[in-house]
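# Results of the structural survey
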Amino acid sequence: MTGEEALARFRGLIRKIKSYEEVIGLAYWDMRTGAPRKGIEARSEAVGVLSEESFRLAVSDEMGELLARLREPETYGNLSRIDRRLVDETAKEYERNRRIPPELYREYVVLTSQAEAFWEEAKARSDFPGFRPYLEKIIDYTNRFIDLWGVKGTRYDTLLDQYEPGMTTDELDRLFGSLRDKLVPLAAAIAESPAKPDRSVLGGTFEPEAQRRFSLFILKEMGFDFEAGRLDESVHPFATGLGPGDVRITTRYLEDDVASALFGTIHEGGHALYEQNIDPELAGTTLYTGTSMGIHESQSRFWENIIGRSRPFWRRYFGDLKAHFPGRLDTDAETFYRAINIVEPSLIRIEADELTYNLHIVIRYEIEKMLFDGGLRAADLPEIWNAKYREYLGVEPKNDAEGVLQDVHWSGGAFGYFPSYALGNMYAAQFAAAMERDMPEMWELVGTGRLHPILDWLAERIYRYGKLETPGEIVRRVTGGPLDPQHLTDYLERKYRDIYRL
Ligand code: ZN
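Residues numbered from 1 in each chain as written. Predicted model: local features only at pLDDT ≥ 70, side-chain atom pairs only at ≥ 80, totals over all residues. Heavy atoms only, no water.

Donor atoms from the polypeptide that bind the zinc ion are His267 (NE2), His271 (NE2) and Glu297 (OE), placed at 2.1 to 2.4 Å. Between the donor residues of the zinc ion, the gaps in sequence give the motif H-x3-H-x25-E. Of this pair, His267 sits in helix α11 (residues 258–276) while Glu297 is found in helix α12 (residues 293–307), placing the two residues 30 residues apart along the sequence. Note on accessibility: His267 and Glu297 belong to one class, buried. (Donors = N, O, S within 2.8 Å, 3.2 Å for Na, K, Ca; no water. Helix = DSSP H or I, 4+ residues; strand = E, 2+ residues; numbered from the N terminus. Buried < 20%, exposed > 50% of the residue type's maximum accessible area, 1.4 Å probe, protein only.)

Quick look at helix α7 (residues 128–149) now. Counted at 1.5 Å a residue, the expected span for α7 with its 22 residues is 32 Å, and the 30 Å between its end C-alpha atoms agrees. When the local axis directions of α7 are compared, the greatest deviation, roughly 25°, occurs at Tyr134. Those residues of α7 not exposed but buried are Phe128, Phe131, Leu135, Ile138, Ile139, Tyr141, Thr142, Phe145, Ile146 and Trp149. Along its buried surface, α7 packs onto α5 (81–97), α6 (102–125), α8 (155–163), α15 (357–373) and α16 (381–393). For α7, the N-terminal capping position is held by Asp127, with its side-chain oxygen 2.9 Å away from the main-chain nitrogen of Gly130. (Expected span 1.5 Å × (residues − 1). Bend = angle between axes of the 7 residues up to and from the residue. Contact = heavy atoms within 4.5 Å. Polar contact = N/O pair within 3.5 Å; in protein donor to acceptor, adjacent residues only side chain to side chain.)

Running from N to C, α11 and α12 point in directions that differ by 135°, and their axes come no closer than 7 Å. When the axes of α11 and α12 are compared, the pair comes out oblique. Between α11 and α12 lies a crossing of right-handed hand. Note on element contacts: α12 touches α11 through Ile295, His296, Glu297, Gln299, Ser300, Arg301, Trp303 and Glu304, opposite Phe263, Ile266, His267, Gly270, His271, Leu273, Tyr274 and Glu275. (Axes fitted to C-alpha atoms, helices over the stretch in contact; angles between N-to-C directions. Parallel < 35°, antiparallel > 145°, perpendicular 65-115°, else oblique. Left-handed = near helix turned anticlockwise from the far one by under 90°.)

With that settled, consider the packing of aromatic side chains. Scanning the model with the defined rule gives 28 aromatic pairs in all. Between the aromatic rings of Phe176 and Tyr365, the centroid separation amounts to 5.2 Å while the plane-to-plane angle is 85°, which identifies the pairing as edge-to-face. With Phe176 in helix α9 (residues 169–192) and Tyr365 in helix α15, this pair connects stretches of sequence that are 189 residues apart. The same class applies to Phe176 and to Tyr365, which are both buried. Ring geometry for Phe206 against Phe325: centres 5.1 Å apart, planes inclined by 85°, an arrangement best described as edge-to-face. Taken together, the residues span a long stretch of sequence, with Phe206 in the loop between α9 and α10 (208–222) and Phe325 in the loop between α13 (311–324) and α14 (333–339) at a distance of 119 residues. Here the aromatic residues Tyr163, Tyr357, Phe372, Trp385, Tyr389, Trp410, Phe415, Tyr417, Phe418 and Tyr421 are joined through ring pairs into a cluster of three or more. Taking NZ or CZ as reference, Lys220 lies 5.4 Å from the ring centre of Phe226, over its face. Taking NZ or CZ as reference, Arg349 lies 4.7 Å from the ring centre of Tyr421, over its face. (Phe/Tyr/Trp six-rings, centres within 6.5 Å; stacked < 30°, edge-to-face > 60°. Lys NZ or Arg CZ within 6 Å of the ring centre and 35° of its normal.)

Tracing the chain through its elements places Met439 in the loop between α17 (419–438) and α18 (442–447). The buried category is assigned to Met439, whose relative accessible area is 9%. Along the sequence, Met439 and Lys322 sit 117 residues apart, while their C-alpha atoms lie 30 Å from each other.

On the secondary structure map, Trp443 appears in helix α18. A C-alpha to C-alpha distance of 41 Å links Trp443 and Glu120, two positions 323 residues apart in sequence.

A separate point is the sheet that holds strand β1 (residues 229–233). Read from one edge to the other, the open sheet built from three strands follows the order β1-β3-β2, with strand pairing classed as mixed. Two strands close off the open sheet at either side, each with one partner strand: β1 and β2 (239–243). Adjacent strand axes in the sheet meet at a mean angle of 20°, parallel and antiparallel pairs treated alike. (Pairing = 2+ DSSP bridges.)

As structure tokens, then:
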């Protein structure tokens, strides 16, 4: 087999895997956006079967032979940059997945796709004991996977590497420690400040239909391509990139809260802009995606917080928002800006302000470490969860729905994912500092609603690359240095000392 033949067959296999992924992604989207409850079980089975097929291809002997042939030095040296990276990434996945028996993987996929629906019900009834057996099984499978993959460093490191390649518990202890040291005193100073923003200006009833229209308007302003995507509703907002021409996001409209859907939409919109602006040359390959969960999250956070909760943004858009809700939001842009940036310890992660949000992540990070390296049992989760909320945020859940059951992640087996959110905040602040340096007119552009140069800057330096570069490579190339938490703490200090007049 010549190198060219091997490459053609390899590319064919990748295209097949990518096609399975696309249809599986579509099925998940359907299950989360209103598929009939009675259809969930059969659909989960179908997803399980397709996932198993895709998995079989990825770990097939044929894949092994093709990878070995393509990694021969002479052949490898003649590959394009894209093909080399595709071979490297596929080989890493191959070696990892080859250790998991396909049958075990299928069982796991069926379990997690059913567990999501059961989690939703358990959350609605605030019934942790009802969800616990599923959670225990998922933890059990995860532990079996860790054993099969092999442990490097800690057991939790093995999980982290799936979402943020190269990230370790040691590094996170350092990064998160630095955040905590700066943010706890800042939050305390804010609590003491007499200059409190006025929350009441956000009160009122906001028709979901008008909220939806404004969400669509803001997405257009951001540069979301509606011919290559759509906006729907789901209990837990998410974004899913099915392919170059189909990137879907969801939000949820609360009648008594205009901010929830608004910032949820901008957040998921940021994820979508990333997926919609990947280099078309990567289409049909497994590099057509974000490079890591942390970098992906940096983009949703960049748009949601750094742009979407900025003063210039609301100087420009507050009038448009008011026009969607006649008789409400009876205030000015500055008062509104301060109200949407209220810092206050709270129970629900997805409703948290951008400062204390980081502490919600530290709590989950510490609990997950304990689950996999500290001998914590699922049965003890509510107790430790509530204790940590008391300790770090000074608040305590009244029930498990607003406590340990609030997040979807564990029902899908996504242990090691949560740190990505705080990493995203750190990356976002570091990218923003680089953007301000490269483009001094940045805030003037935001203040006049010219967001396209902002999108172009990000697309050119980050989005375009998809998974062609690692998180570390992208951060260094774009900002000139490695990930440094000080960009985030400086940004938060500046912003909140101004708002709270400290
Ligand atoms: Zn996100």
